[in-house]
Amino acid sequence: MNSNNILTKFKYASIINQSWIFAFFSLILTLMLYNSIFSNYIFLDATEYIWTAKKATNFQDEFIQGGRPLLGIYCKFIYGSFSNTISDLKWIRLFSLICGVLFSTQVFYFLRKHKMYLYESILFAFLILTLPSFSVYFSWSATSEIPFLLNINFFAGVLLLKNIKTGKNRLLYYVIPIIITLVSLNMYQSTITSFLIPIVMYFIITNSFTYKKIVIILSFMIISLALYYLVFKYSLHVNEIKPSDRTQLNLLELPKKLVIFYLREIRVLVQGSGLLITPILFFILGATGFLGFLYKLYRRNRNNRKSYFFIFCIISVLPLSYLPNLLSAQNYFCGRAIAPTAVLILFYQFLFFRDISIYKKSIRRLSLIITISLIIFSSINLSYYITRIQIKEYNALKTAFLKVQNKTENIILVQPDHDFLQKHNFYKNKFADEFGNITSSRSWAPSNLFKQVWKEYNKDFEIKYISVVNRNEDYERKNAVVIDMVDVLKKEFSKN
């Protein structure tokens with residue numbers, strides 16, 4: 001059977017069969033692009049969880065304080081029971097990648113059901129997997145729950161959309177989404193807004209929009225957040241603990257944070273996977289796609305009295321898709337919490353370049369170049385800016401730690417600064433705490449990593465005292481073995 005016959009059969013297969021085929025080849029391709037996630041390394045929070053999940057009696061308190069009690073249960077299992085060694089973490093990362101592919105497949109199936117062309121659906125659904133947020137999920141085991149939650153909340157949006165489309169208001173299609181969002185809010189709050197993705201896609205593809213539909217969506221979100229708030233307060237009362245600072249509502253700061261969102265978050269998101277490699281070029285291309293989509297949307301609806309309000313809603317849904325973060329007291333940008341917004345912006349950009357590619361071959365070639373570049377950049381972002389760094393850091397520190405003699409009782413670990421790689425010119429670029437950063441610069445990471453390495457290599461002599469200090473601190477060296485992690489990492493990253 002030749003390739004033309006295979007492509008023809010794929011084109012005319014049922015949407016379900018097309019989805020299975022898409023999922024299979026997407027999984028194969030992502031495994032090839034992101035194969036470095038199977039190396040042995042440990043990244044940021046996982047360094048703490050893999051040790052404390054087994055040892056700390058109050059391990060879940062931190063998660064309850066942060067409004068994520070179910071995440072505490074999840075982490076207790078994957079780090080306390082499933083992961084005995086750092087090598088085991090690669091299976092958690094594989095789980096995350098598989099869930100990411102399933103999310104992409106859900107999007108593919110949804111687009112095909114709503115009459116988007118086959119190859120367009122393939123292209124957009126796969127491009128989701130190249131977003132920086134997904135690079136974080138695939139490479140960082142501590143975020144492995146997020147792709148799963150994106151999946152179930154997308155499904156919640158599909159169920160809610162059935163009520164919106166038919167107007168029948170079937171109770172089950174409200175109850176199930178509410179349960180899903182409550183579970184998700186108690187695990188990782190920012191994932192719930194992925195229920196908006198299928199709804200926004202449907203509004204844009206079908207150009208169907210009413211004020212009533214907007215009221216239903218906003219009411220659903222308000223009810224979900226209100227119920228979650230009650231559950232959160234009750235869990236704090238039952239466990240007799242105080243909430244963490246990041247859970248505090250900061251409504252007075254909301255207008256300011258909205259302005260910052262459009263100036264900072266949107267600016268970063270329009271760059272896509274080019275944010276670290278060619279940020280200026282991809283900002284220009286991304287902003288052109290984003291603003292061009294809004295302009296074409298206006299042109300398509302300019303004779304409709306509702307057009308301005310429709311465009312307002314399309315723009316306003318972006319901060320709405322980031323609402324859990326905007327409502328909290330925290331004010332820092334991170335790729336792991338903004339996937340729903342990133343998917344929506346990618347969809348806007350994709351539709352613009354798709355539309356203009358229909359009429360101009362030169363734009364079609366440009367669109368293909370952009371697509372291939374995003375895929376390549378995504379692989380570089382993950383392998384060069386995350387996993388390569390963590391692998392080198394882990395191997396260097398492990399070697400240094402294992403040189404310590406069993407008779408040692410006191411260890412002093414001299415930790416590097418947060419911008420270690422940039423200060424010493426090993427890496428030019430970084431982004432948030434996820435790309436271009438080392439793990440050992442966090443105060444809680446080195447000691448946990450030391451103890452985990454000793455446990456894995458059967459060092460049965462217990463170190464009584466492990467201190468973590470900065471280079472500019474005064475510390476007592478007497479009767480202590482000092483491991484200067486700055487020197488260790490300098491030597492490691494100086495190697496080609």
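Every chain is numbered on its own, with residues counted from 1 as its sequence reads. The predicted origin of the model limits local features to residues at a pLDDT of at least 70 and limits the giving and counting of side-chain atom pairs to 80 or more, whereas totals for whole chains, interfaces and linings rest on all residues. Here the side-chain values reflect all heavy atoms present in the structure, with hydrogen atoms and water set aside.

Draft legend 1. Looking closely at the layout of surface pockets. The definitions used throughout rest on a 1 Å grid laid over the protein atoms alone, on which a cavity is an enclosed set of points accommodating a 1.4 Å probe that cannot get out and a pocket is an open set flanked by protein within 12 Å on both sides along at least five of seven lines; lining residues are those having an atom within 4 Å of a point. Grid points are joined across faces, edges and corners, and a volume is the space filled by probe spheres set on the points. Here the largest pocket is characterised by a volume of approximately 660 Å³. Within the residue set of the lining of the largest pocket, elements represented by two or more residues are α7 (118-128), α14 (279-301), α17 (339-357) and α18 (361-402). In this classification, Asp, Glu, Lys and Arg are treated as charged, Ala, Val, Leu, Ile, Met, Phe, Trp, Tyr, Cys and Pro as nonpolar, and every other residue, Gly included, as polar. In terms of residue class, the lining of the largest pocket is made up of 17 nonpolar, nine polar and three charged. Every helix listed is a DSSP run of H or I at least four residues long, and every strand listed is a run of E at least two residues long, numbered separately from the N terminus.

Draft legend 2. Region of interest: the nonpolar core. Think of a nonpolar core as a cluster: buried Ala, Val, Leu, Ile, Met, Phe, Trp, Tyr and Cys residues, connected wherever their side-chain atoms sit within 4.5 Å. For every residue, the accessible area obtained with a 1.4 Å probe (protein chains only) is divided by the maximum for its type, and the residue is called buried under 20%, exposed over 50%, and partly exposed between those limits. Ranked by size, the top nonpolar core spans 144 residues in total, and within it Tyr-79, Phe-124, Phe-134, Tyr-348 and Phe-401 carry the most contacts. The contact definition used throughout considers only heavy atoms, calling two residues in contact when any of these lie within 4.5 Å. Not counting residues up to four positions away in its chain, the partners in contact with Phe-124 are Val-107, Leu-111, Met-201, Val-343, Leu-346, Phe-347 and Phe-350. Of all hydrophobic cores here, the second largest spans seven residues; its members include Ile-64, Leu-185, Ile-192 and Phe-232.

Draft legend 3. The side chain of Ser-379, seen in detail. Turning to its location among the elements, Ser-379 is positioned in helix α18. Apart from the residues lying within four places of it in its own chain, the contact partners of Ser-379 are Leu-33, Tyr-34 and Tyr-384.

Draft legend 4. The arrangement of helix α10 (residues 172-185) in detail. Any helix carries an expected span of 1.5 Å times its number of residues minus one. In this model α10 runs 20 Å from its N-terminal to its C-terminal C-alpha over 14 residues, within 8% of the 20 Å that 1.5 Å per residue would give. Listed as buried for α10 are Tyr-173, Pro-177, Ile-178, Ile-180, Thr-181, Ser-184 and Leu-185. Buried positions in α10, seen along its axis, are confined to an arc of 165° and lie on one side of it. Those residues of α10 hidden inside the fold are in contact with α9 (145-166) and α12 (211-239). Directions from the helix axis toward the C-beta atoms define the arc.

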